[in-house]
Amino acid sequence: VAEGEPGEGREPFELPRFWDALGQTFQVASQEATKLSLAFSRPPLPSAEDCQKLSEDVQNAILAVATVYYWLPKGQGTTLRKMVRDATTEVVEGMIQLTDTILNAPAESLSQEQLISTGGVWEACEQVSNLPRGEYNQAAVVSALTACLGVVKDAVEEMEHALMEGQDPYGDIMEDEELGFRGNRDTYWSEADRQLLSSCMGLMKASKACLKKVLAAVKAHGKAESPEQIAQLDDLADIANEISPSVDELALSMYPPVNPLAVRLNAAKLASVLKKVLEIAKTSHVCPPSEEGWVQFLTGAVDHNINKVKSFTQGQL
């Protein structure tokens, strides 16, 4: 499941039928996990014949889950397929863990590990109800962009809070004895650091604005009616996925002691990702002429902030 690629089926693909089948197979897998766990929850242990039946039922349930995942053709969009694949993999891995726990547990009692593993399978099977089921790939891309936006929002708020806290961003998390002398320069931002970091914050805020605008454009104009539209949505989701790790790397390099060259490098990486997102959005169907204003504005904001970062760090080169 983790490595394989679903094929393009011969029969016409019907999304409602796929969702029904996926929901049913996840439900059966959950029921089989419960049966297996109950059978090994108290003595006497099941007979060899019962064990054979239990293991066949578990195996069949997992094969059914994997089979339905393989119905989903590539043409429905890689973002949607990845979400379904992740959910499917979680169910398979959960069942493996439960089986391992039962095999390694003492026979006379229901272990805490077994309870946790059983709950893990239930939780994994319930994930199917959270999968985006709107217009094919469009709903999946909206879901992916929303997740990215949430992570970036948190990173921006955390860094804003640290910068407002005053001179010592570590004040609330480190004790004196861990740092040694409290006047240690490594725990403070200088005035020059703060000038540099204000432009980095500008880039981080541009990242948040960029994701918000792209998300709104996908919701308003995103379609998944042609292979080209589906591919454009996937491209947007793929490049947007690079924003939050780039924001995190920049944020980490902003904590003291500040290495201006590391900050410059991470800021340049983030700026490059943002420019790519804006370029892909601009040339896709989600950006009709009515959306071009914010694309231009955010491109200008990214350029302005990265140029300021470069000018502040020029002397370090």
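Residues numbered from 1 in each chain as written. Predicted model: local features only at pLDDT ≥ 70, side-chain atom pairs only at ≥ 80, totals over all residues. Heavy atoms only, no water.

S.K.: Can you explain the overall build of the protein? Please cite residues and give values.
M.R.: From N to C terminus, the protein includes 11 helices and 0 strands. For the protein, the succession of helices and strands along the chain, N to C, is α-α-α-α-α-α-α-α-α-α-α. In the protein, which comprises 317 residues, the proportion classed as buried is 45%. Considering only residue pairs separated by 6 or more positions, the protein has 79% of its internal contacts joining residues 24 or more positions apart. Only carbon and sulfur atoms are counted for the fraction: they give 54% of the accessible area of the protein, which is about 16600 Å². (Helix = DSSP H or I, 4+ residues; strand = E, 2+ residues; numbered from the N terminus. Buried < 20%, exposed > 50% of the residue type's maximum accessible area, 1.4 Å probe, protein only. Contact = heavy atoms within 4.5 Å. Areas by Shrake-Rupley, 256 points an atom, 1.4 Å probe, with all protein chains shown as cover.)

S.K.: Lay out a negative patch on the surface in plain terms, naming residues and giving numbers.
M.R.: On the surface, a cluster of negative charge is contributed by Glu90, Glu93, Glu123 and Glu126. Only α3 (78–104) and α4 (112–126) provide two or more residues apiece to the negative patch. (Patch = residues over 30% accessible without salt bridge, like charges linked within 9 Å, V, L, I, M, F, W, Y side chains within 5 Å. Salt bridge = Lys/Arg side-chain N within 4 Å of Asp/Glu carboxyl O. Lys, Arg positive; Asp, Glu negative; His and termini not counted. Charge placed at Lys NZ, Arg CZ, Asp CG, Glu CD.)

S.K.: Now, about the packing of helix α10 (residues 260–282) against helix α11 (residues 292–313): what can you tell me, with residues and values included?
M.R.: Closest axis-to-axis distance for the α10/α11 pair is 10 Å, and the angle between their directions is 165°. Accordingly, the angle class assigned to the pair α10 and α11 is roughly antiparallel. Along this stretch, α10 crosses α11, giving a crossing that reads as left-handed. For the pair formed by α10 and α11, the contact residues are Pro260, Arg264, Ala267, Ala268, Ala271, Leu274, Lys275, Leu278, Ala281 and Lys282 on the first element and Trp294, Val295, Leu298, Thr299, Val302, Asp303, Ile306, Val309, Lys310 and Thr313 on the second. (Axes fitted to C-alpha atoms, helices over the stretch in contact; angles between N-to-C directions. Parallel < 35°, antiparallel > 145°, perpendicular 65-115°, else oblique. Left-handed = near helix turned anticlockwise from the far one by under 90°.)

S.K.: How would you summarise the environment of glutamate 291 if you had to cite specific residues and measurements?
M.R.: Among the secondary structure elements, glutamate 291 is positioned in the loop between α10 and α11. A sequence separation of 78 residues divides glutamate 291 from lysine 213, and the C-alpha atoms of the two residues are 8.9 Å apart. When neighbours within four sequence positions are excluded, glutamate 291 is seen to be in contact with Ala217, His221 and Val286.

S.K.: Give me the side chain of threonine 79: which residues, what numbers.
M.R.: On the secondary structure map, threonine 79 appears in helix α3. The buried category is assigned to threonine 79, whose relative accessible area is 8%. Setting aside its immediate chain neighbours within four residues, threonine 79 contacts Asn137, Ala140, Val141, Ala144, Asp234 and Ala237.

S.K.: Can you explain the packing of aromatic side chains? Please cite residues and give values.
M.R.: In the structure shown here, the tally under the stated rule is 3 aromatic pairs. Each ring, one from tyrosine 69 and one from tyrosine 70, has its centre 5.3 Å from the other, and the planes form 75°; the classification is edge-to-face. Here arginine 17 stacks its cationic end above the ring of tryptophan 71, 5.1 Å away from the centre of that ring. (Phe/Tyr/Trp six-rings, centres within 6.5 Å; stacked < 30°, edge-to-face > 60°. Lys NZ or Arg CZ within 6 Å of the ring centre and 35° of its normal.)

S.K.: Residues and numbers for α4, please.
M.R.: The first and last C-alpha atoms of α4 sit 21 Å apart over 15 residues, in line with the 21 Å expected at 1.5 Å per residue. Regarding α4, the residues found buried are Gln114, Ser117, Thr118, Val121, Ala124 and Cys125. Summarising the axial view, the buried residues of α4 lie within an arc of 125°, below the 170-degree limit, and thus occupy one face. Of the exposed residues in α4, those oriented more than 90 degrees away from the buried face are Gln112, Ile116, Glu123 and Glu126. As for α4, its buried residues are in contact with α1 (15–39) and α3. (Expected span 1.5 Å × (residues − 1). Arc of directions from axis to C-beta.)

S.K.: Tell me what's going on with the side chain of threonine 313, and back it up with residues and numbers.
M.R.: Looking at the element boundaries, threonine 313 is found in helix α11. Within the local environment of threonine 313, its side chain forms a polar contact with the backbone oxygen of valine 309, the two atoms lying 2.8 Å apart. Beyond its immediate sequence surroundings of up to four residues, threonine 313 is in contact with Leu196, Pro260 and Arg264. (Polar contact = N/O pair within 3.5 Å; in protein donor to acceptor, adjacent residues only side chain to side chain.)

S.K.: Could you give an account of the pattern of salt bridges, naming the residues involved and the relevant values?
M.R.: Scanning all chains against the criterion turns up 7 salt bridges. Here aspartate 57 ties to lysine 35 by a salt bridge, and the two come within 3.6 Å at their closest N and O atoms. Here lysine 35 lies in helix α1 and aspartate 57 lies in helix α2 (residues 48–71), a separation of 22 residues in the sequence. Taking the relative accessible area as the measure of exposure, lysine 35 reaches 40% and is therefore partly exposed. One network of salt bridges, with partners in common, ties together Glu32, Lys35, Lys53 and Asp57.

S.K.: Outline the nonpolar core, listing residues and values.
M.R.: Formed by 56 residues in total, the largest nonpolar core has its most connected members in Met204, Val218, Ile243 and Trp294. Listed by contribution, the elements that provide at least two residues to this core are α5 (136–164), α7 (191–221), α8 (227–240), α9 (243–253), α10 and α11. When residues of this core are assigned to their parent elements, the largest contribution, 13 residues, is made by α7. Ala21, Leu22, Val58 and Val121 belong to the second-largest nonpolar core, a separate cluster that totals 34 residues. (Core = buried A, V, L, I, M, F, W, Y, C linked by side-chain atoms within 4.5 Å.)

S.K.: A description of the packing of α9 against α10 should follow, citing residues and the corresponding values.
M.R.: Here α9 crosses α10 at 160°, and the two axes come no closer than 9 Å. Of the possible angle classes, the one that applies to α9 and α10 is roughly antiparallel. For the pair α9 and α10, the sense of crossing is left-handed. Between α9 and α10, the contacting residues are Ile243, Ser246, Val247, Glu249, Leu250 and Ser253 on the first element and Ala262, Val263, Asn266, Ala267, Lys269, Leu270, Val273, Leu274 and Val277 on the second. A class-by-class count of the residues in the contact of α9 with α10 yields 10 nonpolar, 3 polar and 2 charged. (Nonpolar A, V, L, I, M, F, W, Y, C, P; charged D, E, K, R; others polar.)

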